[in-house]
Amino acid sequence: MIRSNLIAGLLTVLFLALFWTVPFQPDHSWGWDESMNAALPAARILAESETDGLRGGVQVLVSDCQQYPFAVPLYLAFAQKLFGFSELVTRAASRLLFCFGLFGLFLLAFEVVRSLRRGAPDLAWPRAATETKILFGALAFGALCPLAFGVSGTLFLETGFLTAQIFCLRAWLRRDAASVEGKRLLLRDLAAGCWLCVCFFTKFNYACLLFAALGIDLLFQAWRAVRDGSLNVFFKRVAWLALPLFIALLWWF
């Protein structure tokens with residue numbers, strides 16, 4: 001049942017991606033924020049990488065993306081490298097990123113259901129058909145959100161951060177899996193740390209708000225570790241969680 005749900009969810013998102021991107025036509029031109037936050041850095045990364053190779057692209061990434069982070073411009077540059085340099089390509093790529101986020105929302109709902117099961121294993125849980133409704137209900141709420149859909153056709157950084165945040169929260173929930181231990185558990189901490197990096201380099205200020213919220217959750221995890229006498233394990237896991245972000249910030253600053 002789980003596998004069939006995942007396949008059905010993936011096919012649904014692929015259909016939406018085709019329906020929303022293939023006939024997509026922009027109804028307005030770039031605004032100032034779109035141009036300066038994403039379009040211009042993406043164009044410069046693409047141009048410099050074609051003339052000076054990887055070194056040129058990285059130089060633009062570091063020098064031109066100090067006020068606004070580079071994850072979305074880098075993604076848009078890659079899309080234009082594949083499909084050509086145009087405004088249509090960038091806007092369609094942003095809409096496609098929104099669709100990727102919808103699939104992430106589907107996976108996040110799946111992790112929430114599993115997390116609730118772990119938290120209360122003795123409770124009577126709904127049948128598999130009801131869980132399917134929960135998963136596709138989350139997907140439907142995301143797809144029918146007018147604000148998210150409207151922004152997805154623009155080059156603002158919010159679409160990229162929304163997608164990165166969804167996958168970051170999913171990775172965060174996957175850290176708390178009682179059935180996983182040892183190296184696999186540390187790898188999940190490492191994966192969550194990598195998603196924290198993606199969020200930070202997608203939109204700095206929103207990422208700081210996300211870190212504050214997750215930091216509160218870490219405090220509760222620390223309190224639970226104190227009660228269980230597993231504080232050493234907790235600090236080890238936090239170290240693995242923080243490692244990717246520490247390395248990335250060391251490089252960036």
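If you're wondering where the values come from, they're calculated on a predicted model, not measured in any experiment.

Asks: An account of the packing of aromatic side chains is requested, with residue identities and associated values reported.
Replies: All told, the structure shown has 21 aromatic pairs when counted by the stated rule. Considering the side-chain rings of Phe-98 and Phe-149, the 6.4 Å spacing of their centres and the 70° angle between planes classify their relative orientation as edge-to-face. Taken as a pair, Phe-98 in helix H4 (residues 87-119) and Phe-149 in helix H6 (residues 146-152) lie far apart in primary sequence, 51 residues in all. On the basis of an interplanar angle of 20° and a centroid distance of 4.7 Å, the ring pair of Phe-100 and Phe-167 is categorised as stacked. One end of the pair, Phe-100, is in helix H4; the other, Phe-167, is in helix H7 (residues 158-174), with 67 residues separating them in the sequence. Overall, the relative accessible area of 42% leaves Phe-100 in the partly exposed class. When its relative accessible area of 8% is taken as the criterion, Phe-167 is described as buried. Taking NZ or CZ as reference, Arg-95 lies 4.2 Å from the ring centre of Phe-149, over its face. Its guanidinium or amino end placed over the ring of Tyr-206, Lys-203 lies 4.9 Å from that ring's centre, counting from NZ or CZ.

Asks: Describe the packing of helix H9 (residues 204-228) against helix H10 (residues 231-252), with residues and values.
Replies: Close contact between H9 and H10 brings their axes to 10 Å; oriented N to C, the two are set at 165°. Judged on the interaxial angle alone, H10 and H9 are roughly antiparallel. Like other packed secondary-structure pairs, H9 and H10 cross with a definite hand, here left-handed. Only Leu-231, Phe-234, Val-238, Leu-241, Leu-245 and Trp-252 of H10 make contact with H9, whose side of the interface consists of Phe-204, Phe-211, Leu-218, Gln-221, Ala-222, Ala-225 and Val-226.

Asks: So what's going on with the confidence of the model for the chain? Which residues, and what values?
Replies: Summary statistics for the chain give a mean pLDDT of 86 and a share of 89% for residues scoring 70 or more. Predicted confidence in the chain is weakest over helix H2 (residues 32-63), with a mean pLDDT of 80, and strongest over H7, with 95.

Asks: An account of H10 is needed here, citing residue identities and associated values.
Replies: For H10, which comprises 22 residues, the first-to-last C-alpha distance of 31 Å matches the rise-based estimate of 32 Å (1.5 Å per residue) to within 8%. Of all bends in H10, the biggest is about 40°, found at Ala-242, and the proline Pro-244 comes one to four residues later.

Asks: Explain the nonpolar core to me, and be specific about the residues and the numbers.
Replies: One finds Cys-168, Cys-199, Phe-200, Phe-201, Leu-210, Leu-214 and Leu-241 to be the most contacted residues of the largest nonpolar core, which totals 25 residues. At the level of secondary structure, the elements contributing two or more residues to this core comprise H7, helix H8 (183-200), H9 and H10. When residues in this core are grouped by element, the largest group, seven residues, is from H9. Discounting residues that sit within four places of it in the chain, Cys-168 has contacts with Trp-195, Leu-196, Cys-199, Leu-210 and Leu-214. Of all hydrophobic cores here, the second largest spans 18 residues; its members include Val-13, Leu-135, Leu-139 and Ala-148.

Calculation notes
- Residues numbered from 1 in each chain as written.
- Predicted model: local features only at pLDDT ≥ 70, side-chain atom pairs only at ≥ 80, totals over all residues.
- Heavy atoms only, no water.
- Phe/Tyr/Trp six-rings, centres within 6.5 Å; stacked < 30°, edge-to-face > 60°.
- Helix = DSSP H or I, 4+ residues; strand = E, 2+ residues; numbered from the N terminus.
- Buried < 20%, exposed > 50% of the residue type's maximum accessible area, 1.4 Å probe, protein only.
- Lys NZ or Arg CZ within 6 Å of the ring centre and 35° of its normal.
- Axes fitted to C-alpha atoms, helices over the stretch in contact; angles between N-to-C directions.
- Parallel < 35°, antiparallel > 145°, perpendicular 65-115°, else oblique.
- Left-handed = near helix turned anticlockwise from the far one by under 90°.
- Contact = heavy atoms within 4.5 Å.
- pLDDT = per-residue confidence, 0-100.
- Expected span 1.5 Å × (residues − 1).
- Bend = angle between axes of the 7 residues up to and from the residue.
- Core = buried A, V, L, I, M, F, W, Y, C linked by side-chain atoms within 4.5 Å.

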